[in-house]
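# Structural features, examined
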Amino acid sequence: MVRKSPDPDVSLYALIAYYLRFLRQKHRMTQEEVGKIIGCTKSQVSKYEGGTRQLDEREADILDQLWDTGGILTILLRYAKLGVDPNWSEKLRKYERTAMTHRIFSTNVIPMPFQAEGYARSLLSAGHDACLVKDVDAAVARRMDHQAAMLADSPQIWAVLDEISLRPMGGTAVMEEQRDLLLRLGGERRISLRVVPENAVPHVGVDGSFRHFELPSGLRAAFAGTTLEVGRVIEDQREAAEVVVRFDRIAARSWNEDQSREWIAGMRT
C-alpha cells in the first residue's frame, strides 16, 4: 500500500516527506532502489514519504548528493529540528507504549509510568484550574490506561529522578500512595529507579527532562519537552544515541538503587 503524501503546508517535516517523493518520482526511482542507496528497507522509505518517520542527516546528505539538490533536504531537515513537529504527542504515546527499553530522566515531577492515581489527579486538577484540562476524571482515566499500556509488555525501564521531582504534589495520603507505588515498581527486576540528589548539580540534566526509547525494530527514538505543550521527538539515530550518553552521565551522579530506595522510603509526604 502506498502511503499518501502529507500536506506540505502543515510543517517542515511534512514538506520534506512531500519533496522526497517528488524527487524520487522525478528521477524515476522506486522506493526499493532509494532504500538500497541509503541503507534501509522499502517500507522505511514509504514511512519517510508518508511523514510517519523522518530522514536522518546522513540519509538526507546521501540523497542530496545523488539528486544534486544543492543540499536542500539536509537544510530543510536542520530547520525542521529547530521547530515543532505537530505530531509529536502522537509519536510520543506510540513510543511509550511500544518501546522495549525506556530511559527516563525527570527534573520536576514524577513521570509516567510511575504516577499513582492520586498524584496524577493532583497534577491534572491544577491543569483544570488553569483551564488546560476540561474533564479531570476522564483525563485521569486516560492517564492510568496509558500507564498500564506502557507497563503491559514488561519493558526494561531505567529511570533517574531529580530529588526535586519527588517533592509533595498533594496531601499526605496522596504522597504516601505515591511513595508506596515507587517502592513497589522500583523493586521489580525489570525496573531500575534511582534518585540524583540536589547537591549533585551542576550536571547535564539541569536544562530539562528527557526520554530515550529502544524499539522492537532495533531503532532508537528520544523525546524532550513539554514546556507550554511543546515537545520534540528525536528520530535521528545519531542524535538519539547521544541522549543515552547524557542519561548515563546523569545516572553516574545519582545514588545507587539501594540508596535511592532508602531515600524514597523516607521521602517527605
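Residues numbered from 1 in each chain as written. Predicted model: local features only at pLDDT ≥ 70, side-chain atom pairs only at ≥ 80, totals over all residues. Heavy atoms only, no water.

### Comments concerning the overall build of the protein chain
When helices and strands are counted, the protein chain shows 11 helices and six strands. When its C-alpha atoms are laid out on the principal axes, the protein chain stretches across 65 × 40 × 35 Å. Counting over 269 residues, the protein chain shows a buried share of 48%. Considering only contacts in the protein chain between residues 6 or more positions apart, those separated by 24 or more positions represent 70%. (Helix = DSSP H or I, 4+ residues; strand = E, 2+ residues; numbered from the N terminus. Buried < 20%, exposed > 50% of the residue type's maximum accessible area, 1.4 Å probe, protein only. Contact = heavy atoms within 4.5 Å.)

### So, the pattern of salt bridges
A complete count under the given rule lists 19 salt bridges for this structure. Note that K81 is salt-bridged to E57, the shortest N-O span being 3.3 Å. One end of the pair, K81, is in helix α5 (residues 72–82); the other, E57, is in helix α4 (residues 57–67), with 24 residues separating them in the sequence. Judged by its relative accessible area of 15%, K81 falls in the buried class. A salt bridge links E214 to R103, with the shortest nitrogen-to-oxygen separation between them at 2.7 Å. Residue E214 is located in strand β4 (residues 210–214), and its partner R103 is located in strand β1 (residues 101–106); the two are separated by 111 residues in the primary sequence. E214 gets classed as partly exposed once you look at its relative accessible area, which sits at 25%. In this structure, a network of salt bridges that share partners links the residues E57, R78, K81, R232, D236 and E239. (Salt bridge = Lys/Arg side-chain N within 4 Å of Asp/Glu carboxyl O.)

### Focus: empty space enclosed by the protein
Enumeration over the complete set of coordinates arrives at three cavities of 30 Å³ or more. Taken as a whole, the largest cavity encloses approximately 70 Å³ of empty space. Every residue lining the largest cavity is listed: Y13, Q54, L55, L77, K81, R232, V233, I234, E235, D236 and E239. Contributing elements (two or more residues each) for the lining of the largest cavity: α5 and β6 (231–234). Each residue belonging to the lining of the largest cavity can be placed in one class, and the counts come to five nonpolar, one polar and five charged. Approximately 40 Å³ is the volume found for the second largest cavity. (1 Å grid on protein atoms, 1.4 Å probe; cavity = no way out; pocket = protein on both sides within 12 Å on 5 of 7 lines; lining within 4 Å. Points joined across faces, edges and corners; volume = space filled by probe spheres on them. Nonpolar A, V, L, I, M, F, W, Y, C, P; charged D, E, K, R; others polar.)

### Regarding the pairing of strand β5 (residues 220–225)
For a regular strand, the rule is simple: side chains alternate between the two faces of the sheet. Across five bridges, the pairing between β4 and β5 is antiparallel. Its bridge partner lying in β5, F210 is registered against A224. Direction of pairing for β5 relative to β6: antiparallel, over a ladder of four bridges. By the bridge assignment for β6, A222 is matched with I234. (Pairing = 2+ DSSP bridges.)

### Let's talk about the side chain of H203
Inspection of the secondary structure puts H203 in the loop between β3 (191–196) and β4. The exposure class of H203 is buried, given its relative accessible area of 8%. If sequence neighbours within four positions are ignored, H203 has contacts with F105, D162, V196, I250 and R253.

### Structural notes on the packing of aromatic side chains
What describes a pair of aromatic rings is the distance from one ring centre to the other and the angle between the planes of the rings. Tallied over the entire structure, the rule returns five aromatic pairs. Summarising the aromatic geometry, the rings of Y95 and F213 are spaced 6.0 Å apart at their centres and angled 40° between planes, so their arrangement reads as tilted. Here the residue Y95 occupies a position in helix α6 (residues 88–98), and F213 occupies one in strand β4, the gap between them amounting to 118 residues. Pair check on accessibility: Y95 and F213 agree, each one buried. Considering the side-chain rings of F105 and F210, the 5.6 Å spacing of their centres and the 45° angle between planes classify their relative orientation as tilted. Residue F105 is found in strand β1, and its partner F210 is found in strand β4; the two are separated by 105 residues along the sequence. The class for F105 is buried, based on a relative accessible area of 1%. (Phe/Tyr/Trp six-rings, centres within 6.5 Å; stacked < 30°, edge-to-face > 60°.)

### Considerations on the sheet that holds strand β2 (residues 156–162)
What the six strands build is an open sheet, ordered β3-β2-β1-β4-β5-β6; its pairing is mixed. The open sheet is flanked by β3 and β6, the only strands paired with a single partner. Shown here is a sheet whose adjacent strand axes are inclined to one another by a mean of 10°, direction ignored. Packing against the sheet, α6 makes contact with β1, β4, β5 and β6, and its axis sits at approximately 55° to β6. (Axes fitted to C-alpha atoms, helices over the stretch in contact; angles between N-to-C directions.)

### With respect to the nonpolar core
One finds F114, L166, L182, L193 and I264 to be the most contacted residues of the largest nonpolar core, which totals 21 residues. Counting residues per element, the ones that place at least two in this core are β2, α9 (172–186) and β3. With six residues, α9 is the largest single contributor of residues to this core. Counting 18 residues, the second largest nonpolar core, distinct from the first, contains L23, M29, Y48 and A60. (Core = buried A, V, L, I, M, F, W, Y, C linked by side-chain atoms within 4.5 Å.)

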